[in-house]
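Breakdown of the fold
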Amino acid sequence: IFRQSLFDEEVLVAKGTPPKHGENGKIEYYFKTEKEYQPKEDVDGRIDYREVSFLENVKKGDHLCKLTPPTPGFPGKSLTGREIGAKDGRDILMPQGQNTELSGEGGPEVLVAACDGCATLNKSKQVEVLPKLEIKGDVDFKTGNISFNGALVIGGDVKAGFMVETTGDLEINGSVEDAEIKVNGNALIKKGFVGNGKGLVSTTGDLTIKFAQNQKIKCDGNLILGGEIMHCESRVGGNLSASGRKGAIIGGHAMVQGNIEGPQLGAINFTKTTVQVGYDFEME
């Protein structure tokens, strides 16, 4: 450097090779694992609930996810020629849940549906296919009470006095009267939940509903309303959102562990409306 007067410039005097660590194994999903339950409003504030659905329907043999194995690491060399170790990528297990199988056609790294149903990612991050039951009409004296192990779609209403219980997601295209609904997942009620206070909708996930009046709601996730909730007893483990243009919380008692969002709280005729946010159910 001095002999050639190589000043004010970079000069390579020694060279090493950095180690190349291996990449971890990864899972590529072929269905939506993060579902959006918020209904979409148009410019006029209307919501077309006929177009709202969160069930991921699959058929037997459909690809659900693909596992890419980890890659090995390649050691490097220091400036003096000493080998620098490299880490291999971490292995990952295929998230195989119930009603799924490994595909022999696409290799053992592809998980496919073993039956028709709804694809979902459970709380243990395993891919499951839950059988789907579709009832084209109402839940009434023709069907009786329904208890189903999987996802359920009801094409009509749930009439007063009946009970619907499901271990998967629930989608009701009509309304719910003074009935009891228990869902071990997310629920969508495209019309209202109304009655004389004898009904209950209970979900372990999110509940999306057009409007509710004079009823009881227990939701461990988020309660998302397209319209108003009136004179209801609500217990919400997440957030309560009535943020649509027609959204309102009028009367009743809402206990919410998260936040409450809505353009109208109470009414001009002094309807008693009680809301509690940041409510600690465990402390209670």
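Structure's up top.
What you see is a predicted model, and the numbers here were worked out from it, not measured in a lab.

**What about the overall build of the protein chain?**
- Secondary structure assignment for the protein chain yields zero helices and 27 strands.
- Expected size for 284 residues packed as a compact globule is a radius of gyration near 19 Å; at 27 Å, the protein chain overshoots this value by more than 25%.
- With respect to the principal axes defined by its C-alpha atoms, the protein chain has extents near 95 × 50 × 40 Å.
- Within the protein chain, buried positions represent 42% of all 284 residues.
- Pairs at least 24 residues apart make up 30% of the contacts formed inside the protein chain by residues separated by at least 6 positions.

**What to know about the sheet that holds strand 13 (residues 163–166)**
- On the basis of which strands lie adjacent, the open sheet formed by eight strands has the order 11-13-15-17-19-22-25-27 and parallel pairing. Every other strand in the sheet has two partners, leaving strand 11 (146–148) and strand 27 (274–277) as the edge strands with one partner each. Each neighbouring strand pair of the sheet contributes to a mean axis angle of 0 degrees, computed without reference to strand direction.
- In the sheet, strand 11 pairs with strand 13 via three bridges, with the strands oriented parallel. Along strand 13, the bridge assignment pairs F148 with T166.

**As for unusual backbone geometry**
- Despite not being glycine, D8 shows a phi value in the positive range, around 55 degrees.
- Within the element layout of this structure, D8 appears in the segment before strand 1 (26–29).
- Classification of D8 by relative accessible area gives exposed; the value is 84%.
- Positive phi is not limited to glycine here, since N99 has a value of about 60 degrees.
- The residue N99 is located in the loop between strand 5 (83–84) and strand 6 (100–102) in this model.

**Here we look at the sheet that holds strand 8 (residues 117–121)**
- Spatially, three strands are ordered 2-8-9 in an open sheet, and the strand pairing comes out antiparallel. The sheet terminates laterally at strand 2 (57–58) and strand 9 (127–130), the two strands that pair on one side only.
- Sheet topology places strand 2 next to strand 8; two bridges connect them, and they run antiparallel. From the neighbouring strand, N57 faces strand 8, where its bridge partner is C118.

**Considering the packing of aromatic side chains**
- Per the counting criterion, the structure on display carries four aromatic pairs.
- Relative to F7, the ring of F2 lies with its centre 5.7 Å away and its plane at 75 degrees, an arrangement referred to as edge-to-face.
- When its relative accessible area of 71% is taken as the criterion, F2 is described as exposed.
- The exposure class of F7 is partly exposed, given its relative accessible area of 45%.

**Digging into the environment of F281**
- When you line up the elements, F281 lands in the segment after strand 27.
- Judged by relative accessible area, which is 15%, F281 ranks as buried.
- Considering only alpha carbons, one finds F281 and G237, 44 residues apart in sequence, at a separation of 8.2 Å.

**Let's talk about the pairing of strand 8**
- Along strand 8, four of the five residues are buried, which leaves the element largely enclosed by surrounding structure.
- Two strands pair when backbone bridges link them, and strand 8 and strand 9 are joined in this way by four bridges, in the antiparallel orientation. Each residue of the ladder has a partner; that of T120, found in strand 9, is E128.
- In sequence, strand 8 turns back onto strand 9 through a hairpin of five residues, with K125 there showing a positive phi of about 65 degrees.

**Comments concerning the pattern of salt bridges**
- Under the criterion given, the structure shown has six salt bridges.
- Two residues, D157 and K159, come together in a salt bridge whose shortest N-O distance is 3.6 Å.
- Taking relative accessible area as the criterion, D157 reaches 19% and is therefore assigned buried.
- Here K218 ties to D220 by a salt bridge, and the two come within 3.3 Å at their closest N and O atoms.
- Residue class for K218 comes out partly exposed when judged on its relative accessible area of 33%.
- Linked by salt bridges that have partners in common, D157, K159 and E177 make up one network.

Quick notes on the rules
- Residues numbered from 1 in each chain as written.
- Predicted model: local features only at pLDDT ≥ 70, side-chain atom pairs only at ≥ 80, totals over all residues.
- Heavy atoms only, no water.
- Helix = DSSP H or I, 4+ residues; strand = E, 2+ residues; numbered from the N terminus.
- Rg over C-alpha atoms; globule rule 2.2 N^0.38 Å.
- Buried < 20%, exposed > 50% of the residue type's maximum accessible area, 1.4 Å probe, protein only.
- Contact = heavy atoms within 4.5 Å.
- Pairing = 2+ DSSP bridges.
- Axes fitted to C-alpha atoms, helices over the stretch in contact; angles between N-to-C directions.
- Phe/Tyr/Trp six-rings, centres within 6.5 Å; stacked < 30°, edge-to-face > 60°.
- Salt bridge = Lys/Arg side-chain N within 4 Å of Asp/Glu carboxyl O.

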